[in-house]
Amino acid sequence: MRTPVTIIGAGLGGLTLARVLHVHGIPVTVHEAEPSPSARYQGGMLDIHDDTGQPALRAAGLLDEFRAIVLEGRQAMRVLGTDGTVLFDVPDDGTGGRPEAQRGDLRRILLDSLPAGTVRWGRKATVVRALGDGRHEVVFSDGTAVTTDLLVGADGAWSRVRPLLSAARPEYVGKSLVETYLADARTRYPATARAVGDGSMMASSPGREIFAHRESGDTLHAYVWITEPLNWFSGIDFTDAAAAAARIAREFTGWAPELVALITEGTAPVLRSLYALPDEHRWDRVPGVTLIGDAAHLQAPNGEGANLAMLDGAELGRALAAHPDDVEAALTAYERAMFPRSAEAAVSFPERVSEGWSEGGMTPDMIEFITGQGR
């Protein structure tokens, strides 16, 4: 294939695509809005699935590098009642198919696998337009522009590339999460550290959930889910960390103190309002352009997003390598497989948790979800 590929976005999906293309000798350039690889914290833990993320890394030739960054023991999972009672506890016995790693470490091994200069930093796309005959122009915030015969939008929820293919826009899903971290948890907050355990922990009541996991070192990362409209959150001043934490904690009155401490004793709470595209978002084939990851199928967090983005990148890369003289055949094959795959994964993890309770405790479906594929 002689046509260079232009990727917008250096997240996990875009970098996986770039790596697979590089493995197959296909020229590629990635344009990323962030000014450098270390411009911001890259997020918490990811469980990399044996049916999506791991096959993508295998296609990229990076499974050994991935195994080197896996955090042992983090596949443990426990479910607590709001009073702190342990309802279910699944230890990590080393046989699970979804090992955990830090997102930043995973991004680093992808970046390190690419030739110098593949990623162009500080290149925020501001205008993307069709030029005809499958060619597209991308204009960046610094005034520079590129023209390409093959454009891939890997630029996330608010993709600049998506409007070339679809009029769909992300819509608020009716819930938001508040993110906090507790450092040195075993020393400073031993009761909370015991509650979370060695891996992941969840506690749930209708419209209110707390999820937490143990990251590298002794840091606990918490996601506090609240089902309320956007204007409910606009009444909270998140620039006042103490007041915001206290207000969020009031929604968990009566919960065990060791769980509420994930809100009140952590870092300044950060609000993440959640948006999604339609579950079966798809588009008609447009020459010379396609989407991967959240740009294609943004979903509420469900444990699948990063894995699907990586698989999208790997599958698109392999399709392009398999059709070196017919880009449109490659894009058609990729989209035909990607559309149903992403639609099947569209149910969010918190939705499954909230629906998985009966008056007597967890339903059989919930137990199967936690101990089986849901892990």
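Summarised in this report is the structure supplied together with it. The structure displayed is predicted, hence computed values, not measured ones.

**Examining the overall build of the chain**
A tally of regular secondary structure across the chain gives 14 helices and 19 strands. Its C-alpha atoms give the chain principal-axis dimensions of roughly 60 × 45 × 35 Å. Out of the 375 residues belonging to the chain, those deemed buried represent 54%. As presented, the chain carries roughly 16,100 Å² of accessible surface, and 50% of it is formed by carbon and sulfur atoms. Charge separation in the chain, taken as the distance between the mean sites of 35 positive and 50 negative side-chain charges, equals 5 Å.

**Here we look at the sheet that holds strand β8 (residues 125–132)**
The sheet built from three strands is open, its strands ordered β8-β9-β10 with antiparallel pairing. What marks the edges here is a single partner per strand, and that holds for β8 and β10 (145–148). Pairs of neighbouring strands in the sheet enclose a mean axial angle of 20°, with direction left out of account.

**A look at the pairing of strand β13 (residues 200–205)**
Counting buried positions over the six residues of β13 gives six, a clear majority of the element. Covered by surrounding structure in β13 are S200, M202 and S204 together with M201, A203 and S205, the residues of both alternating faces. Bridge count between strand β4 (residues 77–80) and β13: four bridges; the pairing is parallel. In the sheet register, R78 faces β13, and the bridge partner there is M201. Sheet topology places β13 next to strand β14 (residues 208–214); six bridges connect them, and they run antiparallel. Residue pairing in the sheet places S200 in a bridge with H213 of β14. The turn linking β13 back onto β14 is made up of two residues, and G207 within it adopts a positive phi angle of 80°.

**A closer look at the packing of aromatic side chains**
Per the stated rule, a full pass over the model turns up six aromatic pairs. Measuring from centroid to centroid gives 5.3 Å for W158 and Y275, while their planes differ by 70°, and the two rings are edge-to-face. A residue pair is termed long-range when its members are at least 10 positions apart, and W158 in the loop between β11 (151–153) and β12 (171–182) and Y275 in strand β16 (residues 270–276) qualify at 117 residues. We classify Y275 as partly exposed; its relative accessible area is 25%. These aromatic residues form a ring-pair network of at least three members: W158, Y172 and Y275. We note R123 situated over the ring of F140; from NZ or CZ to the ring centre the distance is 4.2 Å. The ring of W232 carries R208 above its face, with NZ or CZ at 5.9 Å from the centroid.

Here is what the cut-offs are and how they apply
Residues numbered from 1 in each chain as written. Predicted model: local features only at pLDDT ≥ 70, side-chain atom pairs only at ≥ 80, totals over all residues. Heavy atoms only, no water. Helix = DSSP H or I, 4+ residues; strand = E, 2+ residues; numbered from the N terminus. Buried < 20%, exposed > 50% of the residue type's maximum accessible area, 1.4 Å probe, protein only. Areas by Shrake-Rupley, 256 points an atom, 1.4 Å probe, with all protein chains shown as cover. Lys, Arg positive; Asp, Glu negative; His and termini not counted. Charge placed at Lys NZ, Arg CZ, Asp CG, Glu CD. Pairing = 2+ DSSP bridges. Axes fitted to C-alpha atoms, helices over the stretch in contact; angles between N-to-C directions. Phe/Tyr/Trp six-rings, centres within 6.5 Å; stacked < 30°, edge-to-face > 60°. Lys NZ or Arg CZ within 6 Å of the ring centre and 35° of its normal.

These values are about where atoms sit, not about what they do.
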